[in-house]
Structure formats: C-alpha cells, structure tokens
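Architecture and fold: a report
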Amino acid sequence: MERYFAAVAELAKALDADAVDAMARGLAALRDRRGRLFVLGVGGGAGHASHAVNDFRKLCEIESYAPTDNVPELTARTNDDGWESTFRAWLEISRLGGEDAVLVFSVGGGSREQGLSVNVVNALELARERGASVYGVVGAPGGALAEVADVAVLVAPPADLRTPLVESFQAVVWHALVSHPALALQQGQWETIADRAAGRIL
C-alpha cells in the first residue's frame, strides 16, 4: 500500500495542469457554440463515461452522452455488426459534427496495428473526419488517442500498476474539469451546503 499511494502522489505532482486547463477551455468553447460532448470508454472507462456525463450535464450544463449507457443498442450492434463498429456507428447515427467533441477515457489509447480497442480507434477516425474536437485521458503516449487528440492528459504510472492508476486519474481529471472555473456553472450539493452554512448564498 505504501508503494501504491507513493505512486499516486508522484502522479498527482506530474500531472500536466496546463493540459487540463487547455481541455477546460476547449470544453467551455464547446458549450458556447452549443456543441455536444460524447464520452467514450470501455471497462472502467465506460463507468467513468457515465459518471462524467452526469457531471458535465449537471454541473457544467454541457449536453453530454455516453454510448455505453444504452446497453440494448450497444449489444445489438455488437451482435449484428461486431464490437469494433459499435462506437463509430453510434456516433454516425448521432450525426457527430464539427461543432461537437469526443472525450475518451482509455488506458492504452487503442491501436489498429495491435488490434487493441479498435472500436475506440474507429470512433477517433470518425471524429477527425467530421472535424470534431478530440480530448482524452490516457496511459500510453504511442496509442491512437494520444496521437490524434487536440488535448490528451497523459498518466504514466509504473507498468505493473498501469490500469488501476490510469483509471483512478481519469476520475481525478474529469472531476478537475467539472470543478474548473471555466466550466463549473453549478456547485455540487455538499459544496453548496457548506457555502450556505458559511453564509455565502450563491
């Protein structure tokens, strides 16, 4: 546990705050132009996508969606057309456009050559074709996500702790975003209660 939490502390210090700021500014511009945010992830990243969509909608007033929230559609597309096409097809039906953005939570970032997270790679290629902005939180500098993103926050933990720490910091980054002065239009419930208790009514 000491080694694990020491790694958490080191990663927190090494996190690129400028990249998070740049992502916040990009998402604020997305809101200003009335674009939509599509949040993609697989496994733990899918869980993060659902939670992040809630926060971006409720706290930042950004129209946001996670394809993995629609389990019937996702499983139907997987069954009928194959897993690799799922995200791209979902975004095509949603008419992803140049005013929109895609935010991806991925440990490796995807690689067509290695056959890894190809559904994510296909979605990234569509986003580039349509001129949508691409953001990501990723644990590998050489994957598709890091290569094509407008802004990617790279988390570089020890190799034997890559998945748990990258997924942990995906949550840290999106919570930093929804708390960012450029984005946060609403406070969380407990922060609001604390302000009221201190006599600061917002």
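The preceding data block contains the structure.
Model, not experiment: these values are computed from the prediction.

Quick notes on unusual backbone geometry
Notably, Arg95 is not glycine yet its phi reads approximately 55°, a positive angle. Residue classification places Arg95 among the exposed residues on the basis of a relative accessible area of 67%. Positive phi outside glycine occurs at Ser117, with the angle close to 45°. On the secondary structure map, Ser117 appears in the loop between strand E3 (101-106) and helix H6 (118-130). On the accessibility criterion, Ser117 (33% relative accessible area) is partly exposed.

Focus on the packing of helix H5 (residues 86-93) against H6
Contact geometry of H5 with H6 gives a least axis separation of 6 Å together with a crossing angle of 35°. For the pair H5 and H6, contact is made by Thr86, Phe87, Arg88, Leu91 and Glu92 and by Asn119, Val120, Asn122, Ala123, Glu125, Leu126, Glu129 and Arg130, respectively. A breakdown of the residues in the contact of H5 with H6 according to their chemical character gives five nonpolar, three polar and five charged.

A few points about the packing of helix H1 (residues 2-14) against helix H8 (residues 162-178)
Closest axis-to-axis distance for the H1/H8 pair is 11 Å, and the angle between their directions is 45°. With respect to their mutual orientation, H1 and H8 come out oblique. Between H1 and H8 lies a crossing whose hand is right-handed. On the side of H1, the interface is formed by Tyr4, Ala7, Val8, Leu11 and Ala12, while H8 contributes Pro164, Leu165, Ser168 and Phe169. For the contact of H1 with H8, the residue count by class is eight nonpolar, one polar and no charged.

Rules behind the numbers
Residues numbered from 1 in each chain as written. Predicted model: local features only at pLDDT ≥ 70, side-chain atom pairs only at ≥ 80, totals over all residues. Heavy atoms only, no water. Buried < 20%, exposed > 50% of the residue type's maximum accessible area, 1.4 Å probe, protein only. Helix = DSSP H or I, 4+ residues; strand = E, 2+ residues; numbered from the N terminus. Axes fitted to C-alpha atoms, helices over the stretch in contact; angles between N-to-C directions. Contact = heavy atoms within 4.5 Å. Nonpolar A, V, L, I, M, F, W, Y, C, P; charged D, E, K, R; others polar. Parallel < 35°, antiparallel > 145°, perpendicular 65-115°, else oblique. Left-handed = near helix turned anticlockwise from the far one by under 90°.

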